[in-house]
Amino acid sequence: MSRIIFQKEYMILFPSFVRAQVHKHPFMHLFVGSKTCQIVVNDEKVQGNRILLDSNVKHMVEPDHHCDFFLLIDHTSHVAGQLRDNYLQPAPYCHMEGQMVEMPENMVELPEEEVIAGVEKLLASMGVTEQPSEGRDERVRQVIEKLTSGEWLGYSVKELARAVYLSESRLTHLFKEEEGISLKSYILTRRLERAYRYVNAGGKITQAAQEAGFSGSAHLAYSCKKFTGVSISDVTN
């Protein structure tokens with residue numbers, strides 16, 4: 001079973017699979033390994049203890065990939081923007097060798113908060129700084145609160161905007177400006193998180209889809225595989 005941890009702008013995934021087929025999706029990737037990670041990008045073999053791959057680039061994880069974990073980073077996010085500026089101009093990927101910031105051993109077995117702290121330390125060493133935090137707009141705060149609780153997870157962006165008395169365009173602009181991530185991406189991430197957590201707690205996939213705001217189990221299964229590369233039934237938390 002794979003393990004996945006959700007943050008606002010990225011997911012941390014400890015893979016159990018041996019090989020992934022050639023695929024691409026809208027997330028930026030950061031592959032990390034204490035040994036040399038190995039993936040294939042556009043038919044080219046790429047190695048490094050950190051490999052940064054931009055969104056929508058065809059790639060495949062090798063059988064002996066040696067990746068301890070990887071991040072799936074929302075391509076619209078503050079984190080992705082800084083990594084892209086620092087490492088991906090103009091290439092679609094960057095592989096790094098040599099000394100890396102010290103990471104905890106056996107991270108897959110650590111509590112969630114310790115894993116997150118280790119990842120934040122790694123990102124900071126790569127030049128990722130925190131987004132300036134200012135007073136959050138009350139309407140954005142309400143949307144985040146209701147999506148996190150699950151109450152509005154089934155809403156479309158248009159319905160969210162109506163619920164906080166804003167136009168759809170104004171809400172999407174305001175959300176991106178304040179949170180550093182698109183509202184559509186944020187909704188999808190929260191839906192996937194709720195579904196994964198529900199299934200991991202022993203719930204049925206059909207019920208998980210309903211709880212998380214997907215149109216059905218097929219829609220949930222398709223979204224999980226497309227956007228994370230991991231089956232909904234292959235994840236533990």
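Predicted model, so just to flag it, every value in this text is computed and none were measured.

**Considerations on the packing of aromatic side chains**
Taken as a whole and assessed by the stated rule, the structure comprises five aromatic pairs. Measuring from ring centre to ring centre gives 5.7 Å for phenylalanine 6 and tyrosine 196, while their planes differ by 40°; the resulting arrangement is tilted. Taken as a pair, phenylalanine 6 in strand E1 (residues 2-6) and tyrosine 196 in helix H6 (residues 183-200) lie far apart in primary sequence, 190 residues in all. The exposure class assigned to phenylalanine 6 is buried, which follows from its relative accessible area of 4%.

**What about the side chain of aspartate 54?**
On the secondary structure map, aspartate 54 appears in the loop between strand E5 (44-53) and strand E6 (59-61). Separated by 3.0 Å, the side chains of aspartate 54 and arginine 84 make a polar contact.

**Observations regarding the layout of surface pockets**
Size it by volume and the second largest pocket reaches roughly 260 Å³. Together, 14 residues line the second largest pocket, and Ser34, Asp68, Pro104, Asn106 and Met107 are the ones closest to its centre. A per-element tally of the lining of the second largest pocket places strand E4 (residues 27-41) first, with three residues.

**As for the pairing of E4**
Counted residue by residue, E4 has 12 buried out of 15 residues, so it is predominantly covered. Judged from the nine bridges that link them, E4 and E5 form a sheet pairing that is antiparallel. In the strand pairing of E5, leucine 30 is matched with leucine 52. Hairpin connection between E4 and E5: a loop of two residues separates the two successive antiparallel strands, and asparagine 42 in this loop has a positive phi of roughly 50°. Relative to E6, E4 runs antiparallel, the two sharing three bridges. Each residue of the ladder has a partner; that of isoleucine 39, found in E6, is valine 61.

**Examining the side chain of histidine 59**
Mapped onto the fold, histidine 59 is located in strand E6. Owing to a relative accessible area of 2%, histidine 59 belongs among the buried residues under this scheme. Side-chain polar atoms of histidine 59 contact the side chain of histidine 29, separated by 3.4 Å. Of the polar contacts made by the side chain of histidine 59, one reaches the backbone oxygen of valine 57; its length is 2.9 Å. Residues within four places of histidine 59 in sequence aside, it is in contact with Gln21, Val22, His23, Lys24, His29, Phe31, Val40, Val41 and Leu53.

**Focus on the nonpolar core**
Within the largest apolar cluster, 32 residues are counted, with the highest numbers of intra-cluster contacts made by Phe31, Leu192, Tyr196, Phe214 and Leu220. At the level of secondary structure, the elements contributing two or more residues to this core comprise E1, strand E2 (10-14), E4, E5, strand E7 (69-74), H6, helix H7 (205-212) and helix H8 (217-228). Among the nonpolar cores identified, the runner-up in size contains 28 residues, and Phe14, Met96, Leu110 and Val115 belong to it.

**Some details on the environment of methionine 28**
Position of methionine 28 among the secondary structure elements: in strand E4. With 52 residues separating them along the chain, methionine 28 and alanine 80 place their C-alpha atoms 6.9 Å apart. Among residues more than four places away in sequence, those in contact with methionine 28 are Leu52, Leu53, Asp54, Ser55, Leu71, Leu72, Ile73, Ala80, Leu83, Arg84 and Leu88.

**A short note on helix H1 (residues 78-87)**
Three or more residues of H1 are buried, namely Val79, Ala80, Gln82, Leu83 and Arg84. Buried residues along H1 sit in contact with E4, E5, E7 and helix H2 (112-125).

**Overview of H6**
Taking 1.5 Å of rise per residue, the 18 residues of H6 would be expected to cover 26 Å, and the 26 Å separating its terminal C-alpha atoms lies within 8% of that figure. Across the 18 residues of H6, 13 count as buried, placing the element largely inside the fold. Glycine 202 sits one or two positions beyond H6 and adopts a positive phi of about 105°.

**So, the packing of helix H3 (residues 138-149) against H6**
Between H3 and H6, the least distance of the axes is 9 Å, while the angle of their chain directions is 25°. Comparing the axis directions of H3 and H6 gives the class roughly parallel. In this structure, the crossing between H3 and H6 has a hand that is right-handed. On H6, the residues that touch Val143, Ile144, Leu147, Thr148 and Ser149 of H3 are Leu183, Tyr186, Ile187, Arg190 and Arg194. Residue classes in the contact of H3 with H6 are distributed as six nonpolar, two polar and two charged.

About the cut-offs
- Residues numbered from 1 in each chain as written.
- Predicted model: local features only at pLDDT ≥ 70, side-chain atom pairs only at ≥ 80, totals over all residues.
- Heavy atoms only, no water.
- Phe/Tyr/Trp six-rings, centres within 6.5 Å; stacked < 30°, edge-to-face > 60°.
- Helix = DSSP H or I, 4+ residues; strand = E, 2+ residues; numbered from the N terminus.
- Buried < 20%, exposed > 50% of the residue type's maximum accessible area, 1.4 Å probe, protein only.
- Polar contact = N/O pair within 3.5 Å; in protein donor to acceptor, adjacent residues only side chain to side chain.
- 1 Å grid on protein atoms, 1.4 Å probe; cavity = no way out; pocket = protein on both sides within 12 Å on 5 of 7 lines; lining within 4 Å.
- Points joined across faces, edges and corners; volume = space filled by probe spheres on them.
- Pairing = 2+ DSSP bridges.
- Contact = heavy atoms within 4.5 Å.
- Core = buried A, V, L, I, M, F, W, Y, C linked by side-chain atoms within 4.5 Å.
- Expected span 1.5 Å × (residues − 1).
- Axes fitted to C-alpha atoms, helices over the stretch in contact; angles between N-to-C directions.
- Parallel < 35°, antiparallel > 145°, perpendicular 65-115°, else oblique.
- Left-handed = near helix turned anticlockwise from the far one by under 90°.
- Nonpolar A, V, L, I, M, F, W, Y, C, P; charged D, E, K, R; others polar.

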